[in-house]
Amino acid sequence: MTQSPHPSTASDKKALAESASSSATGTKKVLLVGATGFLGAKILRNLAHDANVVAVSRKGAPSNESADVEWVRGDMMDPASLDRALQGVDVVVSSANSYMKGSLDTDFQGNKNLIEAAARANVGRFVFLSIVSCEAALAVPHFHAKKVAEDLIKASGVPYVFVRAPTFLDQSSDYIAKGVKAGRFLAMGDKTTKWSYVLTDDLASYLAKAATYPGAEINNQTIDVGWRDGPKSQQEIADLVSEVIKKRIRVRAVPWLVFRLLARPVKLFSELGYDLMQMFLFFKKGTYVSNISKQEHYFGPAPTSRDAITRWAKGHQLIS
């Protein structure tokens, strides 16, 4: 007779107990990687309503931690810490990146470590924040890193959901809002090329919905997200902002030629600067466009550009 496996350590027993509890209640245990970032904090708030959330941080729980979230120490460059964090986890959500910090370590090796750990833990779903059209952007390092990670996840055999985001309307520093407050809009390249946008509040909601989506229908789906009325040029964005806040916005464009001429020299002293210039040059191709058909199937009606811009303007006290 074959002997049933049994937990040999206290941590193993705890993981099994938590897994059994999740199965009994139907509430998934979700590990969020990237929880301390600008977007990650928003994902965390969305997940806390519908899941048992474990958040990974290199430094442990932040000072303003929520009682609804369990914080664990973990580092994407430390596989052993990921194995510990993944005990008893049903779903992994990753919004982590390091390119804005001037390094692509997390985007390449860190993602590889996390994917391998998720496979070892036999998680039921890996929700990965990717980028629209990343397969066509080999020259943009952090876009290419997303495609490499997608391929590794597929090869791992772990069920996945790739949520592919376009340009964030809002950033952590939000240079657009700062410019609008001064009555100006700085366009990259030209005023006419169109690409897709998303509001990070909406993106956070989509990632949380992907994590908690019932059943397996959503597994192994690649889902672009964006706006119902399609991609917009920067002139169109500025015009919509002007209409919403009832203030004229002057648009000035930095020509594409500037990015082409500066890309190589900038690479000598700034990988991040080079990455951003290559990204803007990729936008020029006009292929950075979301197909939102799956978004609306799995996450509900997509917002219009006016709706998203109105919420963005309220968030920045541009309107009451």
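Anything mentioned here points back to the structure above.
Description of the structure in this document. Bear in mind that the values here come from a model prediction, so they are computed numbers and not experimental data.

To continue, consider helix H7 (residues 200-212). Its 13 residues give H7 an end-to-end C-alpha distance of 18 Å, which sits within 8% of 18 Å, the value for a rise of 1.5 Å per residue. Buried residues dominate H7, accounting for ten of its 13 residues. What H7 keeps buried is the set Thr200, Asp202, Leu203, Ala204, Ser205, Tyr206, Leu207, Ala208, Ala210 and Ala211.

For the rest of this paragraph, the subject is the sheet that holds strand S1 (residues 29-33). Read from one edge to the other, the open sheet built from seven strands follows the order S3-S2-S1-S4-S5-S6-S11, with strand pairing classed as parallel. Across the chains shown, the open sheet's two edge strands, defined by having one partner strand only, are strand S3 (69-73) and strand S11 (221-224). Across the sheet, the mean angle separating the axes of adjacent strands is 20° when strand polarity is ignored. Here five bridges tie S1 to strand S2 (residues 52-57), and the two strands are oriented parallel to one another. Bridging across to S2, valine 30 finds its partner in valine 53. The strands touched by helix H5 (residues 141-156) within the sheet are strand S5 (125-131) and strand S6 (160-165), with S5 carrying the most contacts at an inclination of about 155°.

This part covers the side chain of serine 133. When you line up the elements, serine 133 lands in the loop between S5 and H5. You can call serine 133 buried: its relative accessible area is 11%. Excluding anything up to four places from it in sequence, serine 133 contacts Arg164, Phe282, Thr287, Tyr288 and Val289.

For the rest of this paragraph, the subject is a positive patch on the surface. On the surface, Arg184, Lys247, Arg248, Arg250 and Arg252 cluster together into a patch of positive charge. Counting through the fold element by element, lysine 247 comes out in the loop between helix H8 (234-245) and strand S13 (250-255).

All right, on to helix H12 (residues 305-315) then. Within H12 the residues assigned to the buried category are Ser305, Ala308, Ile309, Trp312 and Ala313. One side of H12 holds all its buried residues, which, seen down the axis, span an arc of 135°. Considering only its buried residues, H12 is in contact with helix H6 (175-181), strand S12 (232-233) and H8. Just downstream of H12 lies glutamine 317, where phi reads positive at about 55°.

Let's shift gears to the pairing of S6. Taking burial as the measure, the six residues of S6 include six buried ones, the bulk of the element. Both faces of S6 are covered, namely the face carrying Tyr160, Phe162 and Arg164 and the face carrying Val161, Val163 and Ala165. Both S5 and S6 contribute to a ladder of six bridges, which runs parallel. Of the residues in S6, the one forming a bridge with valine 127 is valine 161. Since S5 and S6 lie parallel, the crossover through H5 that links them has a hand, and here it is right-handed. Where S6 lies against S11, four bridges are found, and the strand directions are parallel. Considered in S11, the bridge of phenylalanine 162 is made with threonine 222.

Let's shift gears to a nonpolar patch on the surface. Side chains of Leu257, Val258, Leu261 and Leu262 sit close together on the surface and give an oily, nonpolar patch of about 340 Å² of accessible area. Among the structural elements, valine 258 can be located in helix H9 (residues 256-267).

Each value, and the rule that gives it
- Residues numbered from 1 in each chain as written.
- Predicted model: local features only at pLDDT ≥ 70, side-chain atom pairs only at ≥ 80, totals over all residues.
- Heavy atoms only, no water.
- Helix = DSSP H or I, 4+ residues; strand = E, 2+ residues; numbered from the N terminus.
- Expected span 1.5 Å × (residues − 1).
- Buried < 20%, exposed > 50% of the residue type's maximum accessible area, 1.4 Å probe, protein only.
- Pairing = 2+ DSSP bridges.
- Axes fitted to C-alpha atoms, helices over the stretch in contact; angles between N-to-C directions.
- Contact = heavy atoms within 4.5 Å.
- Patch = residues over 30% accessible without salt bridge, like charges linked within 9 Å, V, L, I, M, F, W, Y side chains within 5 Å.
- Areas by Shrake-Rupley, 256 points an atom, 1.4 Å probe, with all protein chains shown as cover.
- Salt bridge = Lys/Arg side-chain N within 4 Å of Asp/Glu carboxyl O.
- Lys, Arg positive; Asp, Glu negative; His and termini not counted.
- Charge placed at Lys NZ, Arg CZ, Asp CG, Glu CD.
- Arc of directions from axis to C-beta.
- Right-handed = clockwise from strand over helix to strand, strands pointing away.

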